[in-house]
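Overview (structure and organization)
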Amino acid sequence: MNERLKVFVVDDHAMFRAGIRSEIADRVWIAGDAGSVDEAVEGIIDTAPQVVLLDVHMPDGGGRTVLERVRERNDTVQFLALSASDAAEDVIDIIRAGARGYVTKTVSADELVDAIRRVADGDAVFSPKLAGFVLDAFASIPVAQVDSDLAELTAREREVLQHVARGYTYREIAERLYISVKTVETHVSSVLRKLQLSNRHELSRWAADRNIR
Amino acid sequence: MSTAEPDLEVALRRVMVGYRVVGAVWLWLLVAVVVLTETGFNLPLVMGAGVLAAAWTGATVWSSGVPGILRTPWWIAADVAVSAAVIAFAAFAGTDRGFYGGYPFSTVLLAAYSGGIPGGFVAAGVLSVVSVVFLGVYLGNPGEVITSALVYVAGAGVSVWGIGVIRRNDAQRRALEQRLASEEVERARSQERADTAVALHDSVLQTLALIQRRSDDPAAVRSVARQQERELRDWLSGSRSRLGGGTAATLAAAIADVAAELETRYPCRVEVVTVGDVALGTGTDALVAATREALLNVAKHAAVQTAAVYAEVEDTNATVFVRDRGAGFEPGAVPPDRRGISESIVGRVRRHGGDAVIRSTPGAGTEVELRIPLARS
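What counts, and at which threshold
Residues numbered from 1 in each chain as written. Chains lettered and ligands numbered in written order. Predicted model: local features only at pLDDT ≥ 70, side-chain atom pairs only at ≥ 80, totals over all residues. Heavy atoms only, no water. Helix = DSSP H or I, 4+ residues; strand = E, 2+ residues; numbered from the N terminus. Buried < 20%, exposed > 50% of the residue type's maximum accessible area, 1.4 Å probe, protein only. Contact = heavy atoms within 4.5 Å. Areas by Shrake-Rupley, 256 points an atom, 1.4 Å probe, with all protein chains shown as cover. Axes fitted to C-alpha atoms, helices over the stretch in contact; angles between N-to-C directions. Left-handed = near helix turned anticlockwise from the far one by under 90°. Nonpolar A, V, L, I, M, F, W, Y, C, P; charged D, E, K, R; others polar. Pairing = 2+ DSSP bridges. Core = buried A, V, L, I, M, F, W, Y, C linked by side-chain atoms within 4.5 Å. Phe/Tyr/Trp six-rings, centres within 6.5 Å; stacked < 30°, edge-to-face > 60°. pLDDT = per-residue confidence, 0-100. Buried area = accessible area lost by both parts, 1.4 Å probe. Salt bridge = Lys/Arg side-chain N within 4 Å of Asp/Glu carboxyl O. Polar contact = N/O pair within 3.5 Å; in protein donor to acceptor, adjacent residues only side chain to side chain.

1. Concerning the overall build of chain B
- On a plain count of helices and strands, chain B comes out with nine helices and five strands.
- The secondary structure elements of chain B, listed N-terminal to C-terminal, are α-α-α-α-α-α-α-β-α-β-β-α-β-β.
- Burial statistics for chain B: of 377 residues in total, 42% are counted as buried.
- A fraction of 71% describes how many contacts in chain B between residues 6 or more apart in sequence connect residues 24 or more apart.
- Summing over all exposed atoms, chain B offers an accessible surface of approximately 19100 Å²; the carbon and sulfur share of this is 63%.

Okay, here's the thing in structure tokens:
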């Protein structure tokens, strides 16, 4: 039961990789790390980790390139995005490309390990920031242009995301809304799916407004 | 120089002068009827009545442009004399065809408008006497006398009463408007007083508290005091719109500033998430100030290293949640003389039409929910 998760760290700052290692290596198995896109793709394919901690800001095309090139050859590994910046465009971009969650680099070691476990289980990890970005993205779509279920959040999904944005944990949200933690996770995963699957003009426009491709 | 004439008086005078013109036209129609259908009358006298009425009507229209002239006693007297002359001319001309009705009646109306009860009834009385003399005695037609006297007296009564009611209502309405205006001024003044008290609480008192806490560090105290002094001077001279505020133009930027300010002053990290944005106005200024106050409470009382701020701008309102997982408190147990929560947070947003809800559990942290309505075009 106490089996350690296999994790790969991608970040162009050696200092940060070392920091992560020292903070969480006793609780997860860090199978490798890399500081460039090519190195990262090869390393991930070779070690086949369960979770990749992926820096959003990388030279040579960034974290998104790593994610896309790995996906071509391995579709079981999960990605958890990490970033020092809180720029909405970078974060939404990497989530749309397939990352299962996003945490800021200031996150505590406990929270990071918890996020890694969730992502490995196939759940979505929404930090308050990410919840805010997603609410912003969906809120900016004019109602008239909503043409499918994917383009809109349900009232419950919105409520859950607002609570995440307000800093509540999934457990606290479950207690406040009288639902199970599993249901909270389901709502969050559903939001993530809408974000990734909906190939919507509206979201594209939201992205274009913020210089996201 | 008298004060400007009320709109009502202008309108009433227009109605009176308008009726005078209608009366003159009516008189000329009667003249035409007499000339075309009757025989045995004196043509020059009938025409004279018409010309006299037309000339005086022109004089009335011209006089109505001169302030106050219609309301002088001599003008009313002249008006009555002209109508009396019109009745007399008709009688001398040998026709009793209702000349007393249209034009002379406009004299009763004008007199009631200009001279109130005395003016209206004196005019009606004089014209009735004239009718008795010329229609009754001279023409020998008592039926016409009764009709004309009734028309004049009843007309004077109804007009005096109606105009009086209209004038009283208008005076009441204007008095009410004046009172509302002065109440509005008073309300604005008391709101300004409250805003000033809150501004001083947020800036000066906070700085004094900070100085006490850091009294062991003279350099820090000096710098805090200097900054406060500069801010206060700017505010007093009017070159700064609010105390303790920043230069941000939008809600999201202002909240980010507030969070940054708190992080530099206290060992507390503030996670800020904003959804949507709006330009700052008086309401959102209050929202930002209340947010700042809520964060200061977290920094000072909650004993935690992190606070979360979530701000969301929707079509009709802006909402801010300030949350910590700190000590919490019993919301009912805050002494009333501590202005922090009641004035700087709750009172502040309520004064701008918003609301504040504070949820706190001892040991489990506090969440302050602030909401301000937005007036969007």
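The structure having been displayed, the exposition proceeds.
2. Some remarks on the packing of helix 2 (residues 37–47) of chain A against helix 3 (residues 62–71) of chain A
All names here are of chain A.
- Two elements in contact, helix 2 and helix 3, have axes whose closest approach is 9 Å; the angle formed by their N-to-C orientations is 35°. Remark: the crossing between helix 2 and helix 3 carries right-handed chirality. Residues Val37, Asp38, Ala40, Val41, Ile44 and Ile45 of helix 2 touch helix 3, and the partners they reach there are Gly62, Thr65, Val66, Arg69 and Val70.
- Residue composition of the contact of helix 2 with helix 3, by class: seven nonpolar, two polar and two charged.

3. With respect to the sheet that holds strand 1 (residues 269–275) of chain B
Residue and element names in this part refer to chain B.
- As summarised here, the arrangement of the five strands in space is 1-2-3-5-4, forming an open sheet in which the pairing is mixed. Both outer strands of the open sheet, strand 1 and strand 4 (355–361), are each paired with one neighbouring strand and no more. Averaged over all pairs of adjacent strands, the angle between strand axes in this sheet comes to 10°, irrespective of strand direction.
- With eight bridges joining them, strand 3 (residues 317–324) and strand 5 (residues 365–373) adopt antiparallel strand pairing. When the bridges of strand 5 are listed, Asn317 appears paired with Pro373.
- Contacts between helix 7 (residues 251–265) and the sheet are confined to strand 1, strand 2 (306–313) and strand 3, with strand 1 contributing the most and set at about 175° to the helix.

4. Describing the nonpolar core
- With 52 residues, the main nonpolar core has Ile44, Phe79, Ile95, Phe126 and Val134 of chain A as its most contacted residues.
- In contact with Ile44 of chain A, not counting residues within four places along its chain, are Phe8, Val10, Pro49, Val52, Val66, Val70, Val77 and Phe79 of chain A.
- Core analysis: the next-biggest nonpolar cluster, separate from the first, contains 37 residues, Ala254, Val313, Val320 and Val368 of chain B among them.

5. Thoughts on the packing of aromatic side chains
Residues and elements named next belong to chain B.
- Within this structure, the stated rule accounts for three aromatic pairs over all chains.
- Taking the centre distance of 6.0 Å and the plane angle of 80° together, the rings of Tyr19 and Phe105 count as edge-to-face. In this pair, Tyr19 is assigned in helix 1 (residues 7–37) and Phe105 in helix 4 (residues 102–138), connecting sequence segments 86 residues apart.
- Accessibility expressed as a relative area gives 27% for Tyr19, which makes it partly exposed.
- Residue Phe105 is classed as buried on the basis of its relative accessible area of 16%.

6. Brief notes about the confidence of the model for chain B
- Of all residues in chain B, 92% have pLDDT values of 70 or greater, and the mean over the chain is 80.
- Here the complex is predicted with pTM 0.54, and the ipTM for its interfaces comes to 0.72.

7. Structural notes on the pairing of strand 2 of chain B
Residue and element names in this part refer to chain B.
- Summarising burial for strand 2: seven of the eight residues are buried, a large majority.
- The sheet contact formed by strand 1 and strand 2 spans seven bridges and is parallel. Looking at strand 2, one finds that Val273 is bridged to Tyr310.
- If you look at the hairpin formed by strand 2 and strand 3, you'll find three residues sitting between the two strands.

8. Observations concerning the interface of chain A and chain B
- Facing 16 residues of chain A, the contacting portion of chain B comprises 15 residues.
- Roughly 1300 Å² of surface becomes buried between chain A and chain B when both sides are summed, with 44% attributable to carbon and sulfur atoms.
- At the surface where chain A touches chain B, the tally comes to five salt bridges.
- Arg166 of chain A serves as the salt-bridge partner of Glu367 of chain B, at 2.6 Å between the closest nitrogen and oxygen.
- Our enumeration of links across chain A and chain B arrives at 12 residue pairs in polar contact (both at pLDDT 80 or more).
- Among the secondary structure elements, those contributing two or more residues to the side of chain A that touches chain B are helix 6 (128–139), helix 7 (155–165) and helix 8 (170–177) of chain A.
- With five residues, helix 6 of chain A is the largest single contributor of residues to the side of chain A that touches chain B.

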